[in-house]
Structure formats: structure tokens, C-alpha cells
Amino acid sequence: MKKAIPVIAILGLFMAAHTAQAAAPQLVPVQGVLTDSTGTPIDTSVTAVFSLYTSETGGTALWTETQSVLVEDGLFTAYMGDVTTLDLITFRDNGNLWLGIQIGSDAEMDRVLLGSNPFAGYSEWCGNH
């Protein structure tokens, strides 16, 4: 009976590894630096709103999420999709996507064009196959 336990554990690991490879993680990391109006890095938690758009200005957000983000020495890391599911089909079905970030009650910052990393989620579908 003692020999069966490692075999079952190993089979479980193989099954878990296969499942993990089947889907791309639906989280997109965002890092940045936040300062106050004098340029001093802040140390606090902030409310951040992340939105994805198909244009640099105007338009309606395809996806939006609000989350509390910890800022230390001005640096933060957040994961889009952590609060509101971010369907990776959004990257497959749209050419360029722009990220808008709003901190607290401030106006949304200038949008940033997303590079290729989030679009790697598209590989889950191997193109159109």
C-alpha cells in the first residue's frame, strides 16, 4: 500500500500540470509609479480603476475593474482581472488596445497602448484553430 501513494501523487501532479497548460492565466500585470503633486513617491493604498479601450482617446471601455492597490515608495503592481474577470478573447477580438488608469478621484491618466505581452493570451486558441 505504501508504494501506491507515490504513484497516485505523481499521477495527480501530471494531471494538474496538464490542466495548467490548457489555459492561459487571465491576469494581466500592471506596474507603475505614483507620486503626489510635488513628485514625491507615495506610500498608501489607493483605489485604482483599470479600463481597456480600442482607441487612445474617447470611446467606451470594453472592460473596467476597480481595485485597491498598495503603493510602496511610489511603486505598485496590480493584476488586471483579479477582481473582474478579464476574458482573454478581448485581446483576440481587438487589434490595438489602450489601457486607461484612474487613481482615486483624479481624472483618468493618458492611455497607454498595450504591447504584445497581454496578447500572448491569444495563443490559447492557436490562432483560429
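These numbers come from a predicted model, not from an experiment.

**Focus on the overall build of the protein**
In step 1: On a plain count of helices and strands, the protein comes out with 3 helices and 6 strands.
In step 2: Mapped in sequence order, the helices and strands of the protein form the string α-β-β-β-β-α-β-β-α.
In step 3: Considering only residue pairs separated by 6 or more positions, the protein has 58% of its internal contacts joining residues 24 or more positions apart.
In step 4: Accessible surface, the protein as shown: approximately 8,600 Å² in total, 58% of it carbon and sulfur.

**Notes on unusual backbone geometry**
In step 1: Residues other than glycine seldom take positive phi values, yet aspartate 73 does so here, at roughly 55°.
In step 2: With respect to the secondary-structure elements, aspartate 73 resides in the loop between β3 (63-71) and β4 (75-80).

**Describing the side chain of serine 51**
In step 1: Tracing the chain through its elements places serine 51 in strand β2 (residues 44-53).
In step 2: We classify serine 51 as buried; its relative accessible area is 4%.
In step 3: Side chain to side chain, serine 51 and threonine 64 meet in a polar contact 3.3 Å long.
In step 4: Setting aside chain neighbours within four positions, we find serine 51 in contact with Ala61, Trp63, Thr64, Trp98, Leu99, Gly100 and Glu108.

**Quick notes on the packing of aromatic side chains**
In step 1: In the structure shown here, the tally under the stated rule is 0 aromatic pairs.
In step 2: If you follow arginine 111 out to its NZ or CZ, it ends over the ring of tyrosine 53, 3.3 Å from the centre.

**Some words on the pattern of salt bridges**
In step 1: Here the structure, examined in full by the defined rule, presents 2 salt bridges.
In step 2: Arginine 92 is paired through a salt bridge with aspartate 93; the nearest N and O atoms lie 2.9 Å apart.

**Re the nonpolar core**
In step 1: The biggest cluster of nonpolar side chains holds 22 residues, and the ones touching the most others in it are Phe50, Leu52, Phe76, Met80, Phe91 and Leu99.
In step 2: Mapped by element, the contributors of at least two residues to this core are β1 (28-33), β2, β3, β4 and β5 (98-103).
In step 3: When residues of this core are assigned to their parent elements, the largest contribution, 4 residues, is made by β2.
In step 4: For methionine 80, the contacting residues outside a window of four places in its chain are Gln26, Leu27, Val28, Val30, Phe50, Leu52, Trp63, Glu65, Gln67, Leu86 and Leu99.

**A short note on the sheet that holds β5**
In step 1: Taken together, 4 strands build an open sheet; the order of strands is β3-β2-β5-β6 and the sheet is antiparallel. Every other strand in the sheet has two partners, leaving β3 and β6 (112-113) as the edge strands with one partner each.
In step 2: Taken together, the 9 bridges between β2 and β3 define a ladder with antiparallel strand orientation. Of the residues in β3, the one forming a bridge with valine 49 is threonine 66.

**Side note on the side chain of threonine 90**
In step 1: With respect to the helices, strands and loops of the structure, threonine 90 is situated in helix α2 (residues 89-92).
In step 2: Overall, threonine 90 belongs to the buried group, its relative accessible area being 17%.
In step 3: Within the structure, the side chain of threonine 90 is placed 2.9 Å from the backbone oxygen of aspartate 87, a separation counted as a polar contact.
In step 4: What threonine 90 contacts, discounting residues up to four positions off in sequence, is Leu62 and Leu97.

**Focus: the confidence of the model for the protein**
In step 1: Taken over all residues, the pLDDT of the protein has a mean of 81, while the share at 70 or more is 71%.
In step 2: Per-residue pLDDT, averaged within each element of the protein, yields its smallest value for helix α1 (residues 4-22) (43) and its largest for β3 (98).
In step 3: This model gives residues 1-20 a pLDDT under 50, and the stretch forms 0 contacts once residues within four places in sequence are excluded.

Thresholds applied
- Residues numbered from 1 in each chain as written.
- Predicted model: local features only at pLDDT ≥ 70, side-chain atom pairs only at ≥ 80, totals over all residues.
- Heavy atoms only, no water.
- Helix = DSSP H or I, 4+ residues; strand = E, 2+ residues; numbered from the N terminus.
- Contact = heavy atoms within 4.5 Å.
- Areas by Shrake-Rupley, 256 points an atom, 1.4 Å probe, with all protein chains shown as cover.
- Buried < 20%, exposed > 50% of the residue type's maximum accessible area, 1.4 Å probe, protein only.
- Polar contact = N/O pair within 3.5 Å; in protein donor to acceptor, adjacent residues only side chain to side chain.
- Phe/Tyr/Trp six-rings, centres within 6.5 Å; stacked < 30°, edge-to-face > 60°.
- Lys NZ or Arg CZ within 6 Å of the ring centre and 35° of its normal.
- Salt bridge = Lys/Arg side-chain N within 4 Å of Asp/Glu carboxyl O.
- Core = buried A, V, L, I, M, F, W, Y, C linked by side-chain atoms within 4.5 Å.
- Pairing = 2+ DSSP bridges.
- pLDDT = per-residue confidence, 0-100.

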